[in-house]
Structure formats: structure tokens, C-alpha cells
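Single-letter residue listing:
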Amino acid sequence: MYKDRIEKILENVEKPVRYLGNEWNSVHKDLDKIEVRFVFAFPDVYEIGMSHLGIKILYHLLNEKDDIFAERVFAPWVDMERELRESGIPLFSLETREPLKNFDFIGFTLQYELSYTNVLNMLDLAQIPLLSAERDENHPFIIGGGPCAFNPEPLADFFDFFVIGEGEEVILEILDLYKTWKKGKGDRRQFLRQAAGIRGIYVPHLYEVLYNEDGTVRQVKPVSSDIPWKIEKRIIEDLDKVYYPKKLIVPFMNIIHDRAMLEIFRGCTRGCRFCQAGMIYRPVRERSVEVLKRLGNELVDNTGYEEVSLASLSTSDYPYLEELTQALLDDFRKRGVSLSLPSLRIDSFSLKLAQQVQEVRKSGLTFAPEAGTQRLRDVINKGVTERDLLESAADAFKLGWHNIKLYFMIGLPTETYDDLDGIIEIAFKLIDLYKDISRADRRKLRLTVSVSSFVPKPFTPFQWEPQFTIDELKKRQEYLKKGLKHRAVSFSWHESELSFLEAVFARGDRRLSKVVYKAWLKGCKFDSWSEHFKFFHWMEAFKDCGIRPEFYAYRIRGYDEVFPWDHIYPGISKEFLIREHKKALKGNLTPDCRIGHCTGCGVNKLQGGKYCAD
Ligand code: SF4
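Thresholds applied
Throughout this document, residue positions are counted from 1 along each chain, in the order its sequence is written. With the structure being a predicted model, the display of local features is reserved for residues of pLDDT at least 70 and the display and counting of side-chain atom pairs for 80 or more, all residues being used for whole-chain, interface and lining totals. Excluding hydrogens and water, the side-chain figures rest on all heavy atoms present in the structure. The secondary structure listing takes helices from DSSP runs of H or I that are at least 4 residues long and strands from runs of E that are at least 2 residues long, numbered from the N terminus. Three exposure classes are used, based on accessible area relative to the maximum for each residue type with a 1.4 Å probe and protein chains only: buried under 20%, partly exposed in between, and exposed over 50%. Every residue pair with non-hydrogen atoms within 4.5 Å of one another is taken to be in contact. When charges are counted, Lys and Arg contribute as positive and Asp and Glu as negative, whereas His and the chain ends are disregarded. Charge placement uses NZ in Lys and CZ in Arg. For Asp and Glu, CG and CD serve respectively. In this analysis, the protein atoms alone were mapped onto a 1 Å grid. Cavities are point sets where a 1.4 Å probe fits without being able to get out; pockets are open sets with protein on both sides within 12 Å along at least five of seven lines; lining residues have an atom within 4 Å of a point. Grid points are joined across faces, edges and corners, and a volume is the space filled by probe spheres set on the points. Put simply, Ala, Val, Leu, Ile, Met, Phe, Trp, Tyr, Cys and Pro go in the nonpolar bin, Asp, Glu, Lys and Arg in the charged bin, and everything else, Gly too, in the polar bin. Two strands make a pair as long as DSSP finds a minimum of two bridges between them. All axes are obtained by fitting lines to C-alpha atoms, using only the stretch in contact for helices, and the reported angles, taken between N-to-C directions, cover 0 to 180 degrees. Near is defined per residue: the residue qualifies when any heavy atom it owns lies within 4 Å of the molecule or strand. Here a crossing is taken to be left-handed if its near helix is turned anticlockwise relative to the far helix by less than a right angle, and right-handed if that turn runs clockwise. To estimate how far a helix should extend, the number of its residues minus one is multiplied by 1.5 Å. Ring geometry is summarised as follows: Phe, Tyr and Trp rings, the Trp one being its six-membered ring, pair when their centres sit within 6.5 Å, and such pairs are stacked at plane angles under 30 degrees, edge-to-face over 60 and tilted between the two. Charges are assigned to positions over rings by a cutoff of 6 Å between ring centre and Lys NZ or Arg CZ, combined with an angular limit of 35 degrees from the ring normal.

- Going by the annotation in an unreviewed UniProt entry, the name recorded for the chain is Radical SAM core domain-containing protein, with Koleobacter methoxysyntrophicus given as the source organism.

Okay, here's the thing in C-alpha cells:
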């Protein structure tokens with residue numbers, strides 16, 4: 001009856017396929033044999049959530065276990081939300097169409113700060129109390145993971161616990177603990193206390209936050225002596241030995257990344273000083289060519305995908321990339337399967353590879369100099385020179401590429417208008433270069449210059465830096481827009497109000513939970529979608545809560561300030577980050593430790609010091 005009603009409302013929504021489930025390789029199980037029911041929740045629409053590799057890995061990992069059933073749910077789009085609310089049908093999972101409130105766990109992936117109101121909206125649609133303190137033994141445990149869990153404080157009131165780091169091992173430990181707890185019929189708080197004893201698990205209500213009179217954090221301390229002071233992130237030791245799915249769900253609709261993803265390595269040691277992923281996902285761990293070749297072929301066998309993409313933070317840094325590409329191309333060519341290499345650092349070696357994998361199709365190339373002058377590129381430790389860029393672009397034009405994207409960040413620490421002029425100059429140098437090289441080529445150059453605004457993130461050397469004001473960022477965007485006027489150039493930028501909110505929540509504390517709640521009450525959701533973003537409501541929410549967002553986004557922090565995330569330990573030491581920050585202000589570079597010496601980031605001490613040969 002209830003499921004018939006779901007069928008009915010699906011007739012009224014724009015893309016019912018988002019809510020159908022039953023895709024190829026989705027998992028279905030006999031519920032009588034299931035002890036733990038888990039649902040992975042992604043706080044954005046299906047097309048975005050289904051492009052996320054982490055969910056795919058964990059979904060299949062849990063479903064390998066006979067007594068666990070993992071399902072999926074994504075944020076319902078506004079038309080579906082309206083149908084759910086009007087019909088009184090609670091938010092349900094894709095696989096069994098079971099209300100989320102009947103599950104044991106709901107695991108949210110937290111990829112970006114602007115998804116926080118969607119988390120609340122999904123819990124509300126699921127008819128689950130939003131506040132952790134208001135849930136009891138009849139409710140599922142609400143878990144958060146992903147990069148935003150490294151500063152989970154703005155969500156502290158809503159989540160029962162967070163997983164810090166890589167989930168593959170820790171998730172099974174949690175579920176084992178849960179099975180024992182469930183048999184003993186213990187109370188919810190007891191389970192959470194026990195969970196807090198697992199390395200990598202952070203239970204916010206077991207920590208008290210004390211504040212100074214100026215509003216900064218004085219101390220974050222556990223409420224009792226059995227709770228750890230620091231929550232150390234979990235990492236997988238050996239990627240060759242850890243589980244990787246042999247099959248992936250193949251959606252019925254187009255999604256953002258509709259291809260088989262093969263993760264070649266984790267971590268990055270290039271040390272770009274604005275990049276949180278480069279810090280929190282250290283150390284670097286690689287899969288071997290042999291394992292990747294096997295996995296790549298299995299994925300093609302089991303999905304029918306005609307494209308396999310190599311996934312990592314920086315594909316060019318995989319030391320056996322040429323060997324791997326050759327091996328996969330040899331296999332894939334016979335099967336009509338193509339290979340894509342995203343996140344390539346563009347140099348002549350990579351261009352050769354890119355040309356090999358795109359023999360016929362010349363899709364666009366992306367260069368990411370990030371800043372317009374050498375001075376600023378040194379500040380951010382982006383080891384790329386203008387000469388590198390122009391030489392690579394010249395090679396690309398000679399090889400027939402005519403669709404180039406340049407990616408920059410504005411508002412970086414110490415940035416001046418000279419650095420913006422540098423962006424404009426680079427664009428025009430590329431236009432001139434194309435004219436010189438491609439005289440006989442009648443195709444026009446298409447140059448996209450894309451700028452985002454710098455957002456200071458926790459656990460980076462720039463975590464002490466203020467963000468530029470919204471007005472100043474807008475002025476700089478206007479300046480670039482004028483300077484880049486040319487028929488070959490299309491200029492795109494990120495709305496500075498969005499970047500401002502990201503900056504507030506990225507470095508926020510738990511007092512911001514009430515702002516998220518207020519904003520959601522005022523109708524904020526899908527904040528990263530410009531057509532839904534309601535900045536005015538957000539500013540009202542801050543005002544109603546008596547909180548100044550500028551305190552979080554614009555304030556210069558001192559090295560002695562206690563941060564709301566200081567009790568989370570990703571392995572990178574604060575001393576290292578301070579050293580890097582000081583070097584940044586002097587424009588000094590730090591070489592990649594994979595090429596040179598260990599630069600002492602501290603991650604080699606994680607889990608008993610098993611990492612990094614140095
Ligand atoms: S500990 Fe040293 S070698 Fe290991 S990632 Fe950090 S800087 Fe690099």
C-alpha cells in the first residue's frame with residue numbers, strides 16, 4: 001500500500017529515475033537474514049551523489065557481508081520533496097523503499113559545507129529528530145564522514161558521531177560493536193561511549209567546548225577520562241590489500257561522472273598550501289599496476305562501461321602511469337573501451353599520454369596555474385612556472401588541442417592587483433601563442449578562464465588567514481572580467497557569497513549548529529545550487545542567532561589560538577603547518593617529499609609510524 005503510494009508520487013516528479021533504484025549491480029537481499037541495515041546518504045541529488053567514489057566503495061564493501069545490507073538515499077529534488085511532504089510519505093531508501101527511520105544507521109557523506117542544510121532537510125523528511133540529543137533507541141544512529149568531518153563542529157548538534165579518515169576498516173568495527181550492543185539491548189548513550197573508544201570515531205556530545213571572552217575557543221575537552229583527548233584519523237595501510245569493488249552500480253540516467261572509476265592511489269605530497277585534500281589525505285599510498293590491471297578489467301566485465309577513468313588527487317604523480325596506461329590500453333582497445341586521465345598536470349609527458357588515450361577525441365585540456373604571477377605561485381607552493389605553462393600549451397596546440405581551460409583562484413593570501421594582471425597576461429599570451437602555432441588550423445581557440453575564490457580551510461598552512469571580503473572579491477572578479485574581454489575567452493567565476501559561507505562553516509565551531517538550523521527553517525537548502533541559494537536568509541539566520549559570520553571568515557588568527565578542530569588529528573602537525581605558513585609569507589617553496597627529503601609533516605607517526613620511508 002505504502003509502496004503503491006510511492007509509485008503514485010513518482011508520476012508527478014520531473015526525474016523519477018532518481019528515486020527508482022534497481023540499477024544494474026545494485027544490491028538486493030533477503031531481509032530475514034539481515035542483522036544490520038545501513039543506508040548511505042548523500043546530501044545532494046542522485047546525479048552528483050552517484051558520481052562519488054567513496055560511497056560506491058563502502059556500499060559494496062558492506063554488502064559483501066551476509067548479515068549487513070547497505071542501501072542508498074540522495075537528497076530529493078524540490079519537486080519530490082513537495083510530493084513527500086504533501087503525501088506524508090517519509091524519505092525512503094532506493095533499494096527497498098523502506099523509510100530511513102527504520103534503519104540502524106544513516107551514514108552521510110559530507111563533501112562540502114554548502115550541503116549542511118540538505119542534511120537537516122533529509123532528516124526532517126525522514127521524520128527523524130534533527131538533534132542527536134532528541135533521538136532515542138527507536139532511531140537510527142546518524143554518522144558523518146568525508147572531508148568536512150575533519151572540522152565537524154558546525155554539525156555537532158545533529159550527528160551522533162563522525163568517522164575521521166578512511167572508512168573501509170573502521171565501518172566494520174563499528175558494525176561489529178553495534179551487533180554486540182544490540183544483543184545486549186543497551187541504551188543509545190552506552191553504544192556511543194563504546195564507539196568513542198574506536199580509533200577514528202568522534203562523538204561530539206562527549207566533548208565540552210569552553211570559550212574565551214573574545215569568542216575564541218579556550219579548550220575542547222572530553223567529558224570524562226575514558227574518552228580520548230585527540231581523535232586520530234584512520235588510514236588504510238596497503239591499498240593493494242584493501243577491498244575495492246569488482247562491480248559498480250550503473251545508473252539508468254546520466255550522472256556527472258558516468259564511467260567506471262579506478263582509484264590508482266590516495267594522498268598527495270605536492271604541498272599546495274591552500275589545499276586541504278593534500279594535507280588530510282596523506283600519506284601517499286599506491287595500488288600496483290598488476291592489481292589495477294586486474295581491477296580495471298573486472299570493472300569493465302561487470303559494468304559494460306565503455307570508459308574507465310583513473311581516479312586520484314593528481315594522476316601525473318602515479319610513478320607507473322606510463323606502464324599502467326599502456327597495459328590498460330592494450331586490454332581496452334580490443335574491447336572498445338576508452339581510458340580517461342583526469343587531474344593530469346600538463347607537461348610534455350602527460351600530453352603524450354593524453355594524446356594516446358584520446359587518439360580520436362580531442363576533448364579540452366585543463367591547466368591549473370592557480371595564481372597569475374610567479375610570486376604568488378611561490379606563496380601557495382604551486383611548483384609551476386609561466387615557462388612550463390607556455391611550453392605545455394605550445395605542445396598542446398601543436399598536437400591539435402584548441403579547447404583550453406585555465407583555472408585560477410583569487411583572494412589568495414597576499415594577492416594584489418598585479419597578480420590579477422598576471423592572470424590576464426597569461427590568457428593573452430596563450431591567445432598569441434595559438435595564433436603563431438595554428439596559422440593553418442581554421443578552428444578557433446576556445447579559452448575558458450575559470451576563477452574560484454580562496455576559502456581558508458582547517459589543517460592547511462592558510463588556516464590562520466582571513467578571507468577577502470565579499471565586496472573585494474566582487475571587485476576583483478569585475479577587474480578580471482574587463483581585462484579578459486576577448487572573443488576567444490569565456491570567463492567564469494564562483495559567487496563570492498557562496499565562498500563566504502564556505503569560509504564561515506569550514507572554520508566554524510559548534511555554536512554554528514543553531515545557524516544551520518535557523519537557515520534551514522527559513523527555507524535554505526541546495527545552497528550550492530545558485531537558483532536555490534538564499535543569501536539573505538542566511539544573513540538573517542546569523543542575526544537571529546546573535547552570531548557574526550565575519551568573526552569566522554575575516555579574522556586573522558594567531559598561532560596560539562585554539563581552533564575548534566584542534567582535537568581532530570589528521571596526522572599533520574601544527575608545527576609543520578606553522579612552518580609552511582611562515583615560508584608562504586616569505587614566498588619560499590617546499591619541495592614535494594616524494595622527490596626530495598621528508599619535510600616533517602608528521603604523518604609518518606600515524607598508526608604507530610608505519611609510513612614514509614624517510
Ligand atoms: S612524513 Fe615526510 S615523507 Fe611522509 S608525507 Fe610527510 S613530509 Fe612527506
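### Observations concerning the overall build of the chain
Next, step 1: Regarding its fold elements, the chain presents 20 helices and 19 strands.
Next, step 2: Taken over the C-alpha atoms alone, the chain extends approximately 75 × 65 × 55 Å along its principal axes.
Next, step 3: Going through the 614 residues of the chain one by one, you find that 60% of them count as buried.
Next, step 4: Taking all contacts inside the chain whose residues are at least 6 apart in sequence as the whole, residues at least 24 apart take part in 77%.
Next, step 5: Both charge centroids of the chain, one from 89 positive and one from 92 negative side chains, sit 2 Å from each other.

### Examining empty space enclosed by the protein
Next, step 1: Summed over the entire model, instances satisfying the criterion amount to 6 cavities of 30 Å³ or more.
Next, step 2: Roughly 60 Å³ of volume is contained in the largest cavity.
Next, step 3: Here the residues of the lining of the largest cavity sort into 7 nonpolar, 2 polar and 6 charged.

### A few points about the sheet that holds strand β14 (residues 338-340)
Next, step 1: In spatial order, the strands read β10-β13-β14; together these 3 strands make up an open sheet with parallel pairing. With one partner strand each, in any of the chains shown, β10 (260-263) and β14 form the two edges of the open sheet. Going from strand to strand, the sheet's axes swing by 25 degrees on average, the running direction of each strand aside.
Next, step 2: In this structure, β10 lies alongside strand β13 (residues 307-311), joined through 4 bridges in parallel fashion. Residue pairing for β13: Leu262 is matched across the bridge by Leu310.
Next, step 3: Across the sheet, helix α9 (residues 289-303) is in contact with β10 and β13; its angle to β10 comes to roughly 165 degrees.

### Regarding the site of the ligand
Next, step 1: Taken together, the residues surrounding the ligand are Thr269, Arg282, Cys593, Cys598, Thr599, Gly600, Cys601, Val603, Asn604 and Cys612.
Next, step 2: Considering only residue class, the shell around the ligand consists of 5 nonpolar, 4 polar and 1 charged.

### Concerning the side chain of Asn118
Next, step 1: Among the structural elements, Asn118 can be located in helix α5 (residues 116-125).
Next, step 2: The exposure class of Asn118 is buried, given its relative accessible area of 2%.
Next, step 3: Among residues more than four places away in sequence, those in contact with Asn118 are Pro43, Asp44, Ala75, Lys525 and Phe526.

### What about the packing of helix α6 (residues 167-183) against helix α7 (residues 188-195)?
Next, step 1: Orientation of α6 relative to α7, taken along the N-to-C sense of each, is 145 degrees, at an axis distance of 11 Å. When you trace α6 past α7, the crossing you get is right-handed. Each of Ile174, Leu177, Tyr178 and Trp181 in α6 lies in contact with α7, whose residues at this interface are Arg188, Gln190, Phe191, Gln194 and Ala195.
Next, step 2: Residue composition of the contact of α6 with α7, grouped by class: 6 nonpolar, 2 polar and 1 charged.

### Overview of α9
Next, step 1: When the terminal C-alpha atoms of α9 are compared, their 21 Å separation across 15 residues agrees well with the 21 Å that a helix rising 1.5 Å per residue should span.
Next, step 2: Structurally, α9 contributes buried residues whose contacts are with β10, β13 and α10 (321-335).

### A look at the packing of aromatic side chains
Next, step 1: Across all of its chains, the model carries 39 aromatic pairs by this definition.
Next, step 2: Note on Phe162 and Tyr202: the rings are 6.2 Å apart at their centroids and 25 degrees apart in plane angle, and the pair reads as stacked. Note that Phe162 is positioned in strand β5 (residues 161-163) and Tyr202 in strand β6 (residues 201-202), a separation of 40 residues in sequence. Per residue, the accessibility class of Phe162 equals that of Tyr202, and both read buried.
Next, step 3: Here Phe526 and Trp529 contribute two aromatic rings whose centre-to-centre distance is 6.1 Å and whose plane-to-plane angle is 85 degrees, an arrangement assigned as edge-to-face.
Next, step 4: Judged by its relative accessible area of 2%, Phe526 falls in the buried class.
Next, step 5: Chaining the aromatic ring pairs together yields one cluster made of Phe38, Phe40, Phe105, Phe141, Phe161, Tyr178, Trp181 and Phe191.
Next, step 6: Above the face of the Tyr59 ring, Arg72 is positioned so that its terminal group lies 5.4 Å from the ring centre.

### Focus on the sheet that holds strand β17 (residues 446-453)
Hydrogen bonds along the backbone pair up the strands of a sheet, which may run parallel or antiparallel.
Next, step 1: Taken in spatial order, the 4 strands line up as β15-β16-β17-β18 in an open sheet, and their pairing is parallel. The two strands at the open ends of the sheet, each matched to only one other strand, are β15 (365-370) and β18 (489-493). Neighbour-to-neighbour, the strand axes of this sheet turn through a mean angle of 20 degrees, independent of strand direction.
Next, step 2: Bridge count between strand β16 (residues 403-410) and β17: 8 bridges; the pairing is parallel. Bridging across to β17, Lys405 finds its partner in Thr448.
Next, step 3: Where helix α15 (residues 470-483) meets the sheet, its contacts fall on β16, β17 and β18, and the angle it forms with β18 comes to roughly 175 degrees.

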